[in-house]
Amino acid sequence: TAAITARAPDGSHQRRRGPRNYPNAEFRCPICAKSFRWEKHIRSHVDVVHLKKKTHVCGCGMRFSTRANLAKHWRAKHSVGGKPVKGAHYECDECGETFQSKAKVVQHAVFFHV
């Protein structure tokens, strides 16, 4: 998406995000006809929007269509206070081994203790 400058009711400028289409662009989606400046963007668009590919995989097994969505998931589910964990902060209840994420503890427990 592209940043668009618009005037607020009080006359000040605001930046808002919105979709951008490139009418003279060389690359068009064969499915929805959306246009793109770069070939790599149309490939990503088709994979994510039309083919629903989820190629970004978290250590816990969840899959995401974009790296940004994976990062958002990781911050919410596998970090402390939304910040990357340094050192071992999660402990296995069965054996006491420590890990850097909840997902790794779960993987460990399933593999060694189930």
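Residues numbered from 1 in each chain as written. Predicted model: local features only at pLDDT ≥ 70, side-chain atom pairs only at ≥ 80, totals over all residues. Heavy atoms only, no water.

Draft legend 1. Examining the side chain of His108 more closely. As for its position among the elements, His108 is in helix α3 (residues 102-113). Within polar-contact distance, the side chain of His108 engages the side chain of His113 at 3.1 Å. Among all residues touching His108, those that are not within four sequence positions of it are Cys92, Cys95, Glu97, Phe99 and His113. (Helix = DSSP H or I, 4+ residues; strand = E, 2+ residues; numbered from the N terminus. Polar contact = N/O pair within 3.5 Å; in protein donor to acceptor, adjacent residues only side chain to side chain. Contact = heavy atoms within 4.5 Å.)

Draft legend 2. Quick look at α3. Spanning twelve residues, α3 covers 16 Å between terminal C-alpha atoms, matching the ideal 16 Å at 1.5 Å per step. Where the residues of α3 are buried, they touch β7 (90-91) and β8 (98-99). (Expected span 1.5 Å × (residues − 1).)

Draft legend 3. Representation of unusual backbone geometry. Even without glycine at this site, Ala33 takes up a positive phi of about 70°. With respect to the helices, strands and loops of the structure, Ala33 is situated in the loop between β3 (27-28) and β4 (35-36).

Draft legend 4. Local environment of the environment of Arg63. Turning to its location among the elements, Arg63 is positioned in strand β6 (residues 63-64). On the basis of relative accessible area, Arg63 is assigned to the partly exposed category, the value being 47%. A C-alpha to C-alpha distance of 9.9 Å links Arg63 and His73, two positions ten residues apart in sequence. The residues touching Arg63, leaving out its near neighbours within four places in the chain, are Lys54, Thr55, His56 and Val57. (Buried < 20%, exposed > 50% of the residue type's maximum accessible area, 1.4 Å probe, protein only.)

Draft legend 5. Focus on the pattern of salt bridges. A complete count under the given rule lists two salt bridges for this structure. The salt bridge partner of Arg43 is Glu39, with a shortest N-O separation of 3.6 Å. Of this pair, Arg43 and Glu39 both sit in helix α1 (residues 39-50), four residues apart, roughly one helical turn. Taking the relative accessible area as the measure of exposure, Arg43 reaches 47% and is therefore partly exposed. (Salt bridge = Lys/Arg side-chain N within 4 Å of Asp/Glu carboxyl O.)

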